[in-house]
There are 2 protein chains.
Amino acid sequence: MAKTIRLLWGSGSPPCWRVMIALEEKNIREYDKKLLSFDKKEHKAKETLDINPRGELPAFRHGDNVVNESIAACLYLESQFKSNGPSLIPESAEEQALMYQRSIEILNVQQKTVDVLTYNERVPEAERHDSAVKREREALSTELKLWESYMHKVGPYMAGKSFSLADVVVFPTIALTFRLGLSHEKYPKLAKYYNLMKERPSVKATWPPHWLENPKGSDVFKDL
Amino acid sequence: MAKTIRLLWGSGSPPCWRVMIALEEKNIREYDKKLLSFDKKEHKAKETLDINPRGELPAFRHGDNVVNESIAACLYLESQFKSNGPSLIPESAEEQALMYQRSIEILNVQQKTVDVLTYNERVPEAERHDSAVKREREALSTELKLWESYMHKVGPYMAGKSFSLADVVVFPTIALTFRLGLSHEKYPKLAKYYNLMKERPSVKATWPPHWLENPKGSDVFKDL
């Protein structure tokens, strides 16, 4: 490879995980990657800010080309390394439509998950309301039920019969909801999708290290 | 065209406008489009829900392929109609990186704009705090200053020398901020970009009809 790839990442972050799966799928394994700690606020240090002015992870660079938005990085990698590994863009217009749709639409799940998980850190104490917490949890539950309904109509992959960029982008967000205790019984189609995807070599090779160390997650999403 | 295109849209909505600019750029002008009224809640009626289960606009269909997320629809249209009009994907890896990055990153401006504009409708009266309103306006101001800084380093288009999908996606969101009174003096590079883009034929042809009727917007973003 002519251009150096550098990735700063955090364990368990769906946006970071997306980029790592995309790199695996494109058979790019020898690159400069560095695991940073969110707890130690390493993502706010100069090293990250030099690549990502938002002080967020991933911070991703290919040569001088910086692509920090994870979905953008996946699209860029597919475009730059088309012939490496499987094509992540389906051939049929039908699957292509669904692939683009779900790849962007997943940001709804991501946003609502972050809303629920970061409430106390986002909202100053004097502005906190139990009613707001409840509403945000309900919004996430409604959102996840919509995705469960999608998987009743399509499968086994997110955009249909073939693995695609939609799986690279969507899976890490879905995996996080199960890590946080989402019920396999209440969301059987999403659980089936999760079980299929977690066996994929690119997913196994990039499984968050702190999930491996501590396979038991939490139960904060149990009642959703 | 073999497949029928149907678009339900609302005037002044950046996501709808994106899709309309993309269709113009791809020389697709004869399609079934219907203007709906947000004020009359027409986007919550069956006609929309049949295409977009979220009850949001745009609702976009190409044959049986539904792509409601506006950025997804732009990517899909470029992919399906590659040879129509100019390519919206830059040739150089450098501009391509920036094109993908900005096309997704603009969702930060979009989200923060919506946060500010919908506060009263989103937050029940008993949960409202002036401090939260102030914080959300500051977050939007910080975001817009970041984009102003981007345009000091690149131009005249969002991803560099050539018009690209990033302009199709980013421009409507930037145009809305100026419509709402953003200062041309405080954001000179964004204003320059706005003035360049508003003369583009695809943008002129799709200018929001209620902005044409009432060219004076508001001043809610004046102090940002």
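Residues numbered from 1 in each chain as written. Chains lettered and ligands numbered in written order. Predicted model: local features only at pLDDT ≥ 70, side-chain atom pairs only at ≥ 80, totals over all residues. Heavy atoms only, no water.

A few words now on the interface of chain A and chain B. If you look at the interface, chain A gives 37 residues, while chain B gives 37 residues. Between chain A and chain B lies a buried interface of about 3000 Å² when both sides are counted; carbon and sulfur atoms form 54% of it. Here chain A and chain B share six salt bridges between them. Of the charged contacts in the structure, one is a salt bridge between glutamate 127 of chain B and arginine 135 of chain A, with a shortest N-O distance of 2.8 Å. Between chain A and chain B we count 20 residue pairs in polar contact (both at pLDDT 80 or more) in total. Secondary-structure elements contributing two or more residues to the side of chain A that touches chain B are strand 4 (65-66), helix 3 (70-80), helix 4 (93-117) and helix 6 (130-153) of chain A. In terms of residue count, the dominant contributor to the side of chain A that touches chain B is helix 4 of chain A (11 residues). (Contact = heavy atoms within 4.5 Å. Buried area = accessible area lost by both parts, 1.4 Å probe. Salt bridge = Lys/Arg side-chain N within 4 Å of Asp/Glu carboxyl O. Polar contact = N/O pair within 3.5 Å; in protein donor to acceptor, adjacent residues only side chain to side chain. Helix = DSSP H or I, 4+ residues; strand = E, 2+ residues; numbered from the N terminus.)

All names here are of chain A. Among the six residues in strand 1 (residues 5-10), six count as buried, and that is most of the element. Where burial is concerned, the two faces of strand 1 agree: the one with Ile5, Leu7 and Trp9 and the one with Arg6, Leu8 and Gly10 are both buried. Here strand 1 pairs with strand 3 (residues 59-62) via four bridges, running antiparallel. Bridge pairing links leucine 8 to alanine 59 in strand 3. As defined by bridge partners, strand 1 adjoins strand 2 (residues 32-36) across five bridges and the pair is classed as parallel. When the bridges of strand 2 are listed, glycine 10 appears paired with leucine 36. You can see the chain leave strand 1, run along helix 1 (residues 14-25) and come back into strand 2, and the turn it takes is right-handed. (Buried < 20%, exposed > 50% of the residue type's maximum accessible area, 1.4 Å probe, protein only. Pairing = 2+ DSSP bridges. Right-handed = clockwise from strand over helix to strand, strands pointing away.)

Looking along the chain, the bond that leaves leucine 57 of chain A and enters proline 58 of chain A is cis, with omega of 5°. By the secondary structure assignment, proline 58 of chain A is in the loop between helix 2 (46-49) and strand 3. Put simply, glycine 155 of chain B and proline 156 of chain B share a cis peptide bond, and its omega is 0°. Summarising the element assignment, proline 156 of chain B is placed in the loop between helix 6 (130-153) and helix 7 (165-179). Unlike most non-glycine residues, asparagine 27 of chain A shows phi in positive territory, near 60°. Here asparagine 27 of chain A shows up in the loop between helix 1 and strand 2. A positive phi angle, close to 55°, is found at lysine 41 of chain A, a residue other than glycine.

This brings us to the domain arrangement of chain A. Residue and element names in this part refer to chain A. If you check the domain split of chain A, you get domain 1 (5-80) and domain 2 (93-213). If you look at the interface, domain 1 gives 17 residues, while domain 2 gives 25 residues. Contact between domain 1 and domain 2 buries roughly 1700 Å² in total, counting both sides, with carbon and sulfur atoms accounting for 75%. Three residues, Trp17, Arg18 and Ile71, lead the burial of domain 1 against domain 2; their summed loss comes to 38% of the area buried on that side. Run the count over domain 1 and domain 2 and you get one salt bridge. Inspection of the region where domain 1 meets domain 2 yields seven residue pairs in polar contact (both at pLDDT 80 or more). Those elements that provide at least two residues to the side of domain 1 that touches domain 2 are helix 1 and helix 3. When grouped by side-chain class, the residues that make up the side of domain 1 that touches domain 2 number 11 nonpolar, two polar and four charged. (Domains from an automatic or database assignment. Nonpolar A, V, L, I, M, F, W, Y, C, P; charged D, E, K, R; others polar.)

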